[in-house]
Each structure stands twice: as structure tokens, then as C-alpha cells.
Amino acid sequence: MTQERMPKQLNYQNIYEIFSRFREHEAEPKGELDHVNAFTLVVAVALSAQSTDLGVNKATKKLFAIADTPEKMIALGLNGVMEHIKTIGLYRQKAKNVIKMSKLLIEKYNSVVPSSRAALEGLPGVGRKTANVVLNMWFGQPTQAVDTHILRFGNRSGVAIGKDVVAVERAIEDHVPAEFQHHAHHWMILHGRYTCKARKPVCMNCIIEDLCQFEEKIIE
Ligand code: SF4
């Protein structure tokens, strides 16, 4: 993506129009990571680092059926967790973090997932992006979890220009109108994943093609 020529930041009217179209297309966009409660959401998001949602969902289907609380995760034990998630990259380290996170949740938070950024980021295996996803999806906060799809889409389209995830997170907060902030994360991630793809963006089917500033659109 760094080789691509980046456009300038779009103005307010165009960004408003882009998100109006996203809303019209899908009023209540949803994340694609399976979970059954706040705890399993935190675990799923933490496991998804450098892995696909599909791969994580396959692994967690059986795991969450038997361990959907910190207590049950501890009872399953490190080897049991590893066995369930061994198809996911970095699974050994991720399994260790899941066990440590479960212990901390029991000891410090009475087994309830905390709702503050600082407390979430204090959990083993939980970084800024995971905290942002959990704050957005579970606690309904207008946080922006920027991943590779949003980084790419934001820069190509001109919706949120920035050279790294933190800069794009700030650009989204600064430029996306308040009424769209809550769902912005999912609209952009889904658009980046399925339409504004890394190697071959599907510009001819893109609902914001006329507004997008990307100079190397693929329209054929
Ligand atoms: S027109 Fe192409 S480059 Fe622009 S947002 Fe749509 S898919 Fe991405």
C-alpha cells in the first residue's frame, strides 16, 4: 500500500455523502467475529491479531461451547486452550494470554469484562485495537479500531488519510461526522475487506466510486 499514490483528505460534504451511502446500504453493520458474551468477544478479538475472522471462528466454535467464562477457561487449562486454537497463528502465545487474562478478570474484575480503555488495555493480549473493538461492539462507544483494511480504504478514498493506524484513527475521529462514528469501524472494515481489496479493488461495483479520490481505480 505504501507504493500507492495517496489522495488528499476529502471534505466534510463528500465524507457525509459516503457514509450516508454506507448507511443506506447497510444500516446496522455487524462484525464477523463469533462470540456469545463480552468475555468471548475479548478472547475472539485478541485471537484475531494477524489471523482472519473466518479462521478464528472455526477455532472458537468448539472452544466457546465449553469455555465461555474466565472460570471455565481456567478449568480447560493452557493445553486445552492450545489444542482448540492450534490452527491460529501464534497460538501458543495467544493461549498463554487467554489463560492470564482469565485469571486477571477473576481476581481483579469479579469475572466481568471492564468497560474502560485503560482497564481493557491492562489485560494480557489486549492492545489498543482490541480495546477499541470491544468498546465499540460491546459497550456501544464510537471508537475506531483501525486495521489493515481501514488503513488502506481510508487512504485510498481520502476519507481518513494517515501513514499509520493511529494517524488514521485520529483522522476518522476528526473528519467523520458524529452521527456515523459508531458504525464507521464496521462500514469501513467490510468495505475494505470485500470491495476495496488490497490487490484488486472492485471499483466498478463500489457504491462510492464517484467520490473516491484514488487515482489507480480498477474499472474494467
Ligand atoms: S473506488 Fe475503488 S479504490 Fe475507491 S473506495 Fe471504491 S474500491 Fe476502493
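Definitions and cut-offs
- Residues numbered from 1 in each chain as written.
- Predicted model: local features only at pLDDT ≥ 70, side-chain atom pairs only at ≥ 80, totals over all residues.
- Heavy atoms only, no water.
- Helix = DSSP H or I, 4+ residues; strand = E, 2+ residues; numbered from the N terminus.
- Rg over C-alpha atoms; globule rule 2.2 N^0.38 Å.
- Buried < 20%, exposed > 50% of the residue type's maximum accessible area, 1.4 Å probe, protein only.
- Areas by Shrake-Rupley, 256 points an atom, 1.4 Å probe, with all protein chains shown as cover.
- Lys, Arg positive; Asp, Glu negative; His and termini not counted.
- Charge placed at Lys NZ, Arg CZ, Asp CG, Glu CD.
- Core = buried A, V, L, I, M, F, W, Y, C linked by side-chain atoms within 4.5 Å.
- Contact = heavy atoms within 4.5 Å.
- Phe/Tyr/Trp six-rings, centres within 6.5 Å; stacked < 30°, edge-to-face > 60°.
- Near = heavy atom within 4 Å.
- Nonpolar A, V, L, I, M, F, W, Y, C, P; charged D, E, K, R; others polar.

## Examining the overall build of the protein chain
1) Next: When helices and strands are tallied, the protein chain shows ten helices and zero strands.
2) Next: Helices (α) and strands (β) of the protein chain occur, in sequence order from the N terminus, as α-α-α-α-α-α-α-α-α-α.
3) Next: In terms of C-alpha radius of gyration, the protein chain reaches 18 Å, essentially the compact-globule figure of 17 Å for 220 residues.
4) Next: Taken along the three principal axes of its C-alpha coordinates, the protein chain extends 55 × 35 × 30 Å.
5) Next: By the burial criterion, 48% of the 220 residues in the protein chain qualify as buried.
6) Next: Of the accessible surface of the protein chain, which amounts to about 11,300 Å², a share of 53% is contributed by carbon and sulfur atoms.
7) Next: Distance between charge centroids for the protein chain: 8 Å, based on 28 positive and 24 negative side chains.

## Brief notes about the nonpolar core
1) Next: Counting residues in each nonpolar core, the largest one holds 35 residues, and the members touching the most others are Val 43, Met 73, Ile 85, Met 101 and Leu 120.
2) Next: Counting residues per element, the ones that place at least two in this core are helix H2 (38–47), helix H3 (53–66), helix H4 (70–85), helix H5 (91–109) and helix H7 (128–137).
3) Next: In terms of residues, this core owes the most to one element, H2, which gives nine residues.
4) Next: Residues contacting Met 101, with those up to four places away along its chain left out, are Phe 39, Val 42, Val 43, Ala 46, Leu 123, Pro 124 and Val 126.

## Regarding the packing of aromatic side chains
Any pair of aromatic rings gets described here by the distance separating the centres and the angle formed by the planes.
1) Next: Enumeration according to the criterion identifies seven aromatic pairs in this entry.
2) Next: Look at Tyr 12 and Tyr 16: their rings are 6.2 Å apart centre to centre, the planes differ by 35°, and that puts the pair in the tilted class. Taken together, the residues Tyr 12 and Tyr 16, both in helix H1 (residues 12–25) and four residues apart, mark about one turn of the helix.
3) Next: Residue classification places Tyr 16 among the partly exposed residues on the basis of a relative accessible area of 27%.
4) Next: Judged by centre distance (6.0 Å) and plane angle (55°), the rings of Phe 22 and Phe 153 are tilted. Taken together, the residues span a long stretch of sequence, with Phe 22 in helix H1 and Phe 153 in helix H8 (residues 148–157) at a distance of 131 residues. Comparing Phe 22 with Phe 153, the two get one shared label, buried.
5) Next: In textbook terms, an aromatic cluster arises when at least three aromatic residues are bridged by ring pairs, as seen for Tyr 12, Tyr 16, Phe 19, Phe 22, Phe 153, Phe 180 and Trp 187.

## Some thoughts on the environment of Val 168
1) Next: Mapped onto the elements of the fold, Val 168 is located in helix H9 (residues 165–175).
2) Next: You can call Val 168 buried: its relative accessible area is 0%.
3) Next: Counting along the chain gives 75 residues from Val 168 to Gln 93, while the straight-line C-alpha distance between them is 28 Å.
4) Next: In contact with Val 168, other than residues within four places in its own chain, are Val 146, Ile 150, Leu 151, Asn 155, Ala 160, Ile 161 and Gly 162.

## Quick look at the site of the ligand
1) Next: Contacts to the ligand come from Phe 153, His 191, Thr 195, Cys 196, Pro 201, Cys 203, Cys 206, Glu 209, Cys 212 and Phe 214.
2) Next: Of the residues in the shell around the ligand, the class split is seven nonpolar, two polar and one charged.

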